[in-house]
Amino acid sequence: MSIEKNVKQLLSELPDGIQLVAAAKTMDFKSVNDAIGAGVQIIGENYIQESEELYKLIGNRVKWHFIGHLQRNKVKKAIAIFDMIQTVDSVDIAKEISKQSAIQGKIMPVLIEINSGREEQKAGVFPENAESVIKEISNLGNIKIMGLMTMGLLTEDSELSRPYFITTKKIFEDIKTLNLPGVDMKYLSMGMTDSYKIAIDEGANIVRIGSKIFGKRKA
Ligand SMILES: *Cc1c(COP(=O)(O)O)cnc(C)c1O
């Protein structure tokens, strides 16, 4: 199937109120441009250099979400491009984002990445630390917490991700109930090609989809 058809089919399937982020890592301009032509409105990128190259060609026709692991020395560049950073996983990186956003005259919308499976090798805030990390980050001047993001398990059996999504949704609701100043629990970003339907079942309103749109990645 072509990229256009894949996007159109996905968009027609997704329930109302679910935002599609096209995860474009390693994809060339033509592929990404085809996806946009078919109705994609948000591009997700993992790599700063790659997004700079795409951004030069695509610009603000779409929204840009950063979904990779953000290194401190790349924050300044990320802020120049992205409309949202979905992967904030420490107070330290949040401080750098707030500082660089102030310099660039922005308030950066972010999601807090939750390590819902408490896996040592994975990025993200452990569930039990979410509240304190969010409270601390919410005090920073040039950052706005808009919700949570989580990765499921990397496995063919997407059912195994369901408990992770349930855990993250629970944190989302708990934080919402706290009505913290400066925190707007609006977005819950969960689910990829193999797991997005389960993620939506469990409350996701942003899904990040790559291979179902672009085909299998080489790398
Ligand atoms: C690559 C990627 C996706 C999309 O993965 P697919 O399985 O290709 O849909 C989603 N989220 C993140 C953070 C990614 O890096």
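Our structure's up above, just so we're on the same page.
Figured I'd write up the structure that's included with this text.

Rules behind the numbers
Residues numbered from 1 in each chain as written. Predicted model: local features only at pLDDT ≥ 70, side-chain atom pairs only at ≥ 80, totals over all residues. Heavy atoms only, no water. Near = heavy atom within 4 Å. Polar contact = N/O pair within 3.5 Å; in protein donor to acceptor, adjacent residues only side chain to side chain. Areas by Shrake-Rupley, 256 points an atom, 1.4 Å probe, with all protein chains shown as cover. Nonpolar A, V, L, I, M, F, W, Y, C, P; charged D, E, K, R; others polar. Salt bridge = Lys/Arg side-chain N within 4 Å of Asp/Glu carboxyl O. Helix = DSSP H or I, 4+ residues; strand = E, 2+ residues; numbered from the N terminus. Buried < 20%, exposed > 50% of the residue type's maximum accessible area, 1.4 Å probe, protein only. Axes fitted to C-alpha atoms, helices over the stretch in contact; angles between N-to-C directions. Parallel < 35°, antiparallel > 145°, perpendicular 65-115°, else oblique. Left-handed = near helix turned anticlockwise from the far one by under 90°. Contact = heavy atoms within 4.5 Å. Phe/Tyr/Trp six-rings, centres within 6.5 Å; stacked < 30°, edge-to-face > 60°. Pairing = 2+ DSSP bridges. Right-handed = clockwise from strand over helix to strand, strands pointing away.

1. Section: the site of the ligand
Step number 1: Of all residues adjacent to the ligand, which total 13 residues, the nearest are Lys25, Asn46, Thr193, Gly210 and Ser211.
Step number 2: Ser211 places a side-chain nitrogen or oxygen 2.6 Å from an oxygen atom of the ligand.
Step number 3: Look at the ligand: alone it shows 390 Å² of surface, and the protein chains cover 92% of it.
Step number 4: Along the lines of polarity and charge, the residues of the shell around the ligand split into six nonpolar, four polar and three charged.

2. Considerations on the pattern of salt bridges
Step number 1: Following the criterion strictly, the structure yields 11 salt bridges and no others.
Step number 2: We note a salt bridge from Arg162 to Glu202, for which the minimum N-O separation is 2.6 Å. Of this pair, Arg162 sits in helix α7 (residues 162-178) while Glu202 sits in the loop between α8 (196-201) and β8 (206-209); the two residues are 40 residues apart in sequence, bridging distant segments of the chain.
Step number 3: The exposure class assigned to Glu202 is buried, which follows from its relative accessible area of 19%.

3. What about the packing of helix α2 (residues 29-37) against helix α3 (residues 48-58)?
Step number 1: Two elements in contact, α2 and α3, have axes separated by 11 Å at closest approach and are oriented at 55 degrees. One finds that α2 runs oblique with respect to α3. Crossing handedness for the pair α2 and α3: right-handed. Where α2 abuts α3, its residues Phe29, Val32 and Ile36 lie against Leu54, Leu57 and Ile58.
Step number 2: Here the contact of α2 with α3 is composed, by residue class, of six nonpolar, no polar and no charged.

4. Notes on the packing of aromatic side chains
Step number 1: Using the criterion set out here, one finds two aromatic pairs in the structure.
Step number 2: With a centroid separation of 5.6 Å and an interplanar angle of 75 degrees, the aromatic rings of Tyr55 and Trp64 are classed as edge-to-face.
Step number 3: A relative accessible area of 22% means that Tyr55 is categorised as partly exposed.
Step number 4: According to the relative accessible area criterion, Trp64 is buried, its value standing at 0%.
Step number 5: Between Phe66 and Phe82, the aromatic rings sit 5.2 Å apart at their centres with planes inclined by 75 degrees, giving edge-to-face as the arrangement. In this pair, Phe66 sits in strand β3 (residues 63-66) while Phe82 sits in the loop between α4 (75-81) and β4 (84-88), placing the two residues 16 residues apart along the sequence. Each member of the pair, Phe66 together with Phe82, is buried.

5. Things to note about the pairing of β4
Step number 1: With five of five residues buried, β4 lies mostly within the body of the structure.
Step number 2: Relative to β4, β3 runs parallel, the two sharing two bridges. Residue pairing across strands places Phe66 opposite Ile85, the latter belonging to β4.
Step number 3: For the handedness criterion, the β-α-β arrangement of β3, α4 and β4 is classed as right-handed.
Step number 4: Where β4 and strand β5 (residues 108-114) come together, two bridges link them in parallel fashion. What sits directly across from Ile85, in β5, is Val110.
Step number 5: On the question of chirality, the crossover connecting β4 to the parallel β5 by way of helix α5 (residues 91-103) is right-handed.

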